[in-house]
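Letter by letter, the chains look like this.
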Amino acid sequence: MGIHSQDLVFSYKQDPSFSIAVPNWQVQSGDRVLLTGPSGSGKTTLLSIIAGLAKPESGGVTVGGHSVSGSGNTDQWRADHMGIVFQLFNLIEYLSVLDNIALPLALSKTRQARALQQGATSVAVAHQWCDQLGIAPGLRTQCVGRLSVGQRQRVAIARALIGEPAIILADEPTSALDLANTERFMDTLWSACHAAYQPTVVFVSHDAGLHRYFDHTTTINAGVLGGYGVA
Ligand code: ADP
Ligand code: MG
């Protein structure tokens, strides 16, 4: 699925001094795009609009031709088609590694059906993702509250990718990591995408140095986009 933003205007009622204006931005299906800009430039806001969590004043965003910026509820569509990696991973501390990874399948029949082509049960598919991402068998039934940062990263990636959603959105998942862990995160993320699964990825970071991990870079400054896909 591609992402197309057209004549988009957004501002927060509480903070009219900031606004986002995107005349035309197009991300092709399967692209891996780094969205970078300084703190406060609007990266998280734009990602929220793409996710259908923040609604623009005018114009809009379509994802795979589906309008996510209309007034309707987009929760189920998001659950079906988007995997999201958050800055602090937002794992559910009292659930096990396997239950955290399988959670999106409980929220989406679409993702569950796709996952069940790969294994007999949701838990079996969660095990497969653990195998692929190097999450040791002994950890899988433990609560995530006991995991190290490196282990949490892997769980967050598996949870975003299970059921193979067409869109992956990531909001600064590497900002709290040192260089070695950042490299490990990026390598793990891309190793989880394989020949038959090439999601469209919009990855937000204030660190423009991450560009070497991406096909394309779009910049944002004070709500104004530049670079890849901007017409
Ligand atoms: P970034 O992710 O690039 O750091 P944000 O999208 O979080 O930037 O924020 C862009 C601007 O919008 C900032 O000026 C911020 O203070 C403001 N802002 C962010 N979230 C809200 C909100 N919920 N209400 C009002 N203003 C907000
Ligand atoms: Mg942000």
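Here goes a summary of the coordinates provided. (Residues numbered from 1 in each chain as written. Chains lettered and ligands numbered in written order. Predicted model: local features only at pLDDT ≥ 70, side-chain atom pairs only at ≥ 80, totals over all residues. Heavy atoms only, no water.)

In the region of ligand 1, the neighbouring residues are Y12, D15, F18, P38, S39, G40, S41, G42, K43, T44 and T45. For ligand 1, an oxygen atom lies 2.7 Å from a polar atom in the backbone of G40. Note that an oxygen atom of ligand 1 is positioned 2.5 Å from one of the side-chain N or O atoms of T45. About the coverage of ligand 1: the protein hides 64% of its 560 Å² of free accessible area. Elements with a minimum of two residues in the shell around ligand 1: strand 2 (15-27) and helix 1 (43-50). In terms of residue count, helix 1 provides more of the shell around ligand 1 than any other element does, three residues in total. A per-class count over the shell around ligand 1 returns three nonpolar, six polar and two charged. (Near = heavy atom within 4 Å. Polar contact = N/O pair within 3.5 Å; in protein donor to acceptor, adjacent residues only side chain to side chain. Areas by Shrake-Rupley, 256 points an atom, 1.4 Å probe, with all protein chains shown as cover. Helix = DSSP H or I, 4+ residues; strand = E, 2+ residues; numbered from the N terminus. Nonpolar A, V, L, I, M, F, W, Y, C, P; charged D, E, K, R; others polar.)

It is the contact of helix 5 (residues 122-133) with helix 7 (residues 179-192), at a shortest axis distance of 10 Å, that shows an interaxial angle of 130 degrees. In terms of axis orientation, helix 5 runs oblique to helix 7. Considering only the axes of helix 5 and helix 7, their crossing is right-handed. In this structure, helix 5 contributes W129, Q132 and L133 to the contact, and helix 7 contributes T188, S191 and A192. Residues belonging to the contact of helix 5 with helix 7 are distributed by class as follows: three nonpolar, three polar and no charged. (Axes fitted to C-alpha atoms, helices over the stretch in contact; angles between N-to-C directions. Parallel < 35°, antiparallel > 145°, perpendicular 65-115°, else oblique. Left-handed = near helix turned anticlockwise from the far one by under 90°. Contact = heavy atoms within 4.5 Å.)

To continue, consider the packing of aromatic side chains. Within the structure shown, the criterion is met by five aromatic pairs. Considering the side-chain rings of F10 and Y12, the 4.9 Å spacing of their centres and the 90 degrees angle between planes classify their relative orientation as edge-to-face. Between F89 and F185, the ring centres sit 6.4 Å apart and the planes meet at 15 degrees, which makes this aromatic pair stacked. With F89 in the loop between strand 6 (82-85) and helix 3 (97-107) and F185 in helix 7, this residue pair connects regions lying 96 residues apart in the sequence. Comparing F89 with F185, the two get one shared label, buried. The structure contains a cluster of three or more aromatic residues connected by ring pairs, namely F89, F185, W190, F203 and F214. The ring of W190 has R32 lying over it, and the distance from NZ or CZ to the ring centre is 4.1 Å. (Phe/Tyr/Trp six-rings, centres within 6.5 Å; stacked < 30°, edge-to-face > 60°. Buried < 20%, exposed > 50% of the residue type's maximum accessible area, 1.4 Å probe, protein only. Lys NZ or Arg CZ within 6 Å of the ring centre and 35° of its normal.)

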